[in-house]
Amino acid sequence: MGELRGTHVPVLLERCLELLAPALDRDDRTTVYVDATLGLAGHAEAVLAAHPRTVLIGLDRDTEALAHARARLDRYADRIHLVHAVYDEFAEVLDRLGYARVDGVLFDLGVSSLQLDAPDRGFAYAQDAPLDMRMDQSTGTTAEEVVNTYSHGELARVLRVYGEERFAGRIASAIIRERERTRLTSSARLAELVRDSIPAPARRTGGHPAKRTFQALRIEVNRELAALETALPAALDALSLGGRAVVLSYHSLEDRITKQVLTGRSRSTGPVDLPVELPGTGPMLRLLSRGAELAGESEVEANPRAASVRLRAAERIEQDGTNGTETTTRKRAARERPGRVAEEVRTSGAGVADGSEKARREMPRSPGDGGGTTVQGEG
């Protein structure tokens with residue numbers, strides 16, 4: 001396994017523990033917690049320590065991360081199941097392990113510090129490395145294959161859609177010209193091509209000019225958005241009554257999918273003009289976060305990677321679409337709901353998750369604000 005690379009500090013750890021605790025503290029039975037993006041097991045270790053009757057199911061596609069997580073969680077070996085799988089295999093993993101329902105789920109999306117800080121993985125534009133970008137290096141297409149085989153139109157689409165890159169066409173043209181001269185294999189050379197393709201005035205703001213291109217290629221290589229679109233609904237379907245799901249995302253595309261899925265299931269599907277709600281049409285979820293919660297200023301100052309995190313969470317209040325009598329969970333929901341949910345944005349954007357000053361002022365501060373550092377996308 002070798003020495004651990006990178007620094008591991010879980011993102012918004014205290015807030016995640018606070019949100020998951022009511023679902024995992026069940027006096028009458030053992031509870032099941034799924035960490036769908038286990039990473040280096042920071043969140044998982046804290047959950048196991050806080051809840052001695054909780055069983056962990058940890059999924060990760062990165063075999064190196066799984067090895068480190070297994071060593072870290074060795075003292076909890078009698079109540080953990082660590083699985084080499086992508087999170088869109090959520091339902092299949094539960095079926096294989098014999099669990100029909102789970103009580104808590106965490107998705108900590110994006111790329112981990114283990115991957116970012118490993119020079120041989122090709123995720124970072126700040127250092128030269130082979131263009132790999134696979135989270136699971138045992139299978140799949142590499143970023144090198146993408147930049148050297150995709151057509152101009154395919155490259156431009158990937159950069160425009162997954163990187164929200166305004167200059168996608170110009171960057172794609174530069175890549176095509178380069179590969180006609182020699183095969184493109186270096187992350188440093190790709191970053192240079194991107195920088196030279198973007199007009200000088202546009203390079204002065206928004207961070208490193210290659211940031212969006214590298215994000216887009218990583219998403220394409222690992223099918224991240226397609227996996228999330230499958231995994232999140234499957235996780236919600238598996239929640240027990242009173243079970244909770246927490247999602248940490250790091251760019252607007254992930255957050256937009258999360259928002260659409262959670263808010264869609266928190267609304268009634270029955271006709272609005274009926275005086276009573278029809279059975280099976282009531283909301284399945286109660287939203288626990290007011291819009292998207294952001295990291296506190298102290299976290300961002302201590303670690304700039306925390307600046308982009310957006311947290312959304314929900315609790316299951318109806319089981320399998322039935323709409324029976326009011327349950328204890330529903331009564332607790334009425335007491336706990338922290339005011340109104342942030343008003344839905346009437347465009348396809350990510351709402352308050354845009355990181356604006358207005359959004360920061362309106363976000364409820366979590367108890368964890370003001371302490372600790374974070375690392376993007378780890379478990």
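Residues numbered from 1 in each chain as written. Predicted model: local features only at pLDDT ≥ 70, side-chain atom pairs only at ≥ 80, totals over all residues. Heavy atoms only, no water.

Asks: With reference to specific residues and values, describe the overall build of the chain.
Replies: Tallying secondary structure elements over the chain gives 16 helices and 8 strands in all. Sequence separation of 24 or more characterises 75% of the internal contacts of the chain that already satisfy a separation of 6 or more. With an accessible surface of roughly 16500 Å², the chain has 50% of that area assigned to carbon and sulfur atoms. (Helix = DSSP H or I, 4+ residues; strand = E, 2+ residues; numbered from the N terminus. Contact = heavy atoms within 4.5 Å. Areas by Shrake-Rupley, 256 points an atom, 1.4 Å probe, with all protein chains shown as cover.)

Asks: A description of the confidence of the model for the chain should follow, citing residues and the corresponding values.
Replies: Here the chain averages 82 in pLDDT, and 75% of its residues register 70 or above. Throughout residues 321-379 the model reports pLDDT below 50, and contacts reaching past four residues in sequence, or to other chains, amount to 144 contacts. (pLDDT = per-residue confidence, 0-100.)

Asks: So what about the pairing of strand 8 (residues 310-316)? Which residues, and what values?
Replies: It is a general feature of regular strands that their side chains alternate between the two faces of the sheet. For strand 8, the tally of buried residues reaches 7 of 7 residues, placing the bulk of the element in the interior. Along strand 8, one buried face is formed by Arg310, Arg312, Ala314 and Arg316 and the opposite face, lined by Leu311, Ala313 and Glu315, is buried too. Here 6 bridges tie strand 5 (residues 239-249) to strand 8, and the two strands are oriented antiparallel to one another. When the bridges of strand 8 are listed, Ala245 appears paired with Ala314. (Buried < 20%, exposed > 50% of the residue type's maximum accessible area, 1.4 Å probe, protein only. Pairing = 2+ DSSP bridges.)

Asks: Could you give me a rundown of the side chain of Arg316, with the residues and numbers involved?
Replies: Within the secondary structure layout, Arg316 lies in strand 8. A polar contact is formed between the side chain of Arg316 and the backbone oxygen of Leu236, at a distance of 3.0 Å. (Polar contact = N/O pair within 3.5 Å; in protein donor to acceptor, adjacent residues only side chain to side chain.)

Asks: Describe in detail the nonpolar core, supporting the description with residues and values.
Replies: It is characteristic of soluble globular proteins that their nonpolar side chains tend to be buried jointly. Core analysis: the biggest nonpolar cluster contains 64 residues, and Val105, Phe107 and Leu236 have the highest contact counts within it. Ranked by residue count, the leading element in this core is helix 12 (residues 224-238), at 8 residues. Once residues within four sequence positions are removed from consideration, Leu236 is found in contact with Ala245, Val261, Leu262, Arg265, Met284, Leu285 and Arg316. One finds Cys16, Leu66, Val246 and Tyr250 within the second-largest nonpolar core, a separate group that totals 31 residues. (Core = buried A, V, L, I, M, F, W, Y, C linked by side-chain atoms within 4.5 Å.)

Asks: If you had to explain the environment of Gly110 to someone new, which residues and values would you point to?
Replies: Assignment of secondary structure puts Gly110 in the loop between strand 4 (102-108) and helix 5 (113-116). Residue class for Gly110 comes out buried when judged on its relative accessible area of 16%. Residues Gly110 and Glu224, 114 residues apart in the sequence, show an inter-C-alpha distance of 8.2 Å.

Asks: Got a sec to walk through helix 8 (residues 168-181)? Specific residues and values, please.
Replies: For helix 8, spanning 14 residues, the distance from its first C-alpha to its last is 20 Å, which sits close to the expected 20 Å at 1.5 Å a residue. Taken as a whole, helix 8 has its buried residues at Ala168, Ile171, Ala172, Ala174, Ile175, Ile176 and Glu178. Of the surrounding elements, those touching the buried residues of helix 8 are helix 6 (143-149), helix 7 (152-163), helix 9 (187-197) and helix 11 (211-222). (Expected span 1.5 Å × (residues − 1).)

Asks: A description of the pattern of salt bridges should follow, citing residues and the corresponding values.
Replies: On inspection of all chains with the given rule, the structure shows 20 salt bridges. Residues Asp103 and Arg26 are paired through a salt bridge, measuring 3.8 Å at the closest nitrogen-oxygen approach. Here Asp103, found in strand 4, pairs with Arg26, found in the loop between helix 1 (13-24) and strand 1 (31-35); they are 77 residues apart in sequence, far enough to count as distant. Owing to a relative accessible area of 2%, Asp103 belongs among the buried residues under this scheme. The class for Arg26 is buried, based on a relative accessible area of 18%. In this structure, Arg212 engages Glu165 in a salt bridge whose closest nitrogen and oxygen atoms are separated by 3.0 Å. Of this pair, Arg212 sits in helix 11 while Glu165 sits in the loop between helix 7 and helix 8, and the two are 47 residues apart along the sequence. The class of Arg212 is partly exposed, set by a relative accessible area of 22%. (Salt bridge = Lys/Arg side-chain N within 4 Å of Asp/Glu carboxyl O.)

Asks: Run through the packing of helix 8 against helix 9, naming residues and quoting values.
Replies: The geometry of helix 8 relative to helix 9 is characterised by a closest axis approach of 9 Å and an angle of 135 degrees between their N-to-C directions. Relative to helix 9, helix 8 is oriented oblique. With respect to the hand of their crossing, helix 8 and helix 9 are arranged in right-handed fashion. Between helix 8, through Arg170, Ile171, Ala174, Ile175, Glu178 and Arg181, and helix 9, the contact on the second element is made entirely by Arg189, Leu190, Leu193, Val194 and Ser197. Taken together, the residues that form the contact of helix 8 with helix 9 break down as 6 nonpolar, 1 polar and 4 charged. (Axes fitted to C-alpha atoms, helices over the stretch in contact; angles between N-to-C directions. Parallel < 35°, antiparallel > 145°, perpendicular 65-115°, else oblique. Left-handed = near helix turned anticlockwise from the far one by under 90°. Nonpolar A, V, L, I, M, F, W, Y, C, P; charged D, E, K, R; others polar.)

Asks: Quick rundown of the packing of aromatic side chains? Include the residues and the values.
Replies: Pairs of aromatic rings are described using the distance from one ring centre to the other and the angle between the two planes. Throughout the structure, instances matching the rule amount to 2 aromatic pairs. Pairing Tyr87 with Phe107 gives two aromatic rings, centres 5.8 Å apart and planes at 85 degrees, and the pair type is edge-to-face. Pair noted here: Tyr87 is in the loop between strand 3 (80-84) and helix 4 (90-97) and Phe107 is in strand 4, with a separation of 20 residues, a long-range link. Relative accessible area serves as the criterion here: at 0%, Phe107 is assigned to the buried category. A ring pair is formed by Phe90 and Phe107, whose centres lie 6.4 Å apart and whose planes are at 25 degrees; its orientation type is stacked. Here Phe90 is found in helix 4, whereas its partner Phe107 is found in strand 4, with 17 residues between them in sequence. Just above the ring of Tyr87 sits the side chain of Arg61; from NZ or CZ to the centre is 5.9 Å. (Phe/Tyr/Trp six-rings, centres within 6.5 Å; stacked < 30°, edge-to-face > 60°. Lys NZ or Arg CZ within 6 Å of the ring centre and 35° of its normal.)

Asks: Can you explain the UniProt feature "binding site: S-adenosyl-L-methionine" (unreviewed entry) in the chain? Please cite residues and give values.
Replies: Within this structure's numbering, the places UniProt gives as "binding site: S-adenosyl-L-methionine" (unreviewed entry) are Ala41, Gly42, His43, Asp60, Tyr87, Asp108 and Gln115. Within the secondary structure, Ala41 sits in the loop between strand 1 and helix 2 (42-50). Structurally, Asp108 can be placed in strand 4. Overall, Asp108 belongs to the buried group, its relative accessible area being 0%. (UniProt positions renumbered as here; feature names shortened; annotations may be inferred.)

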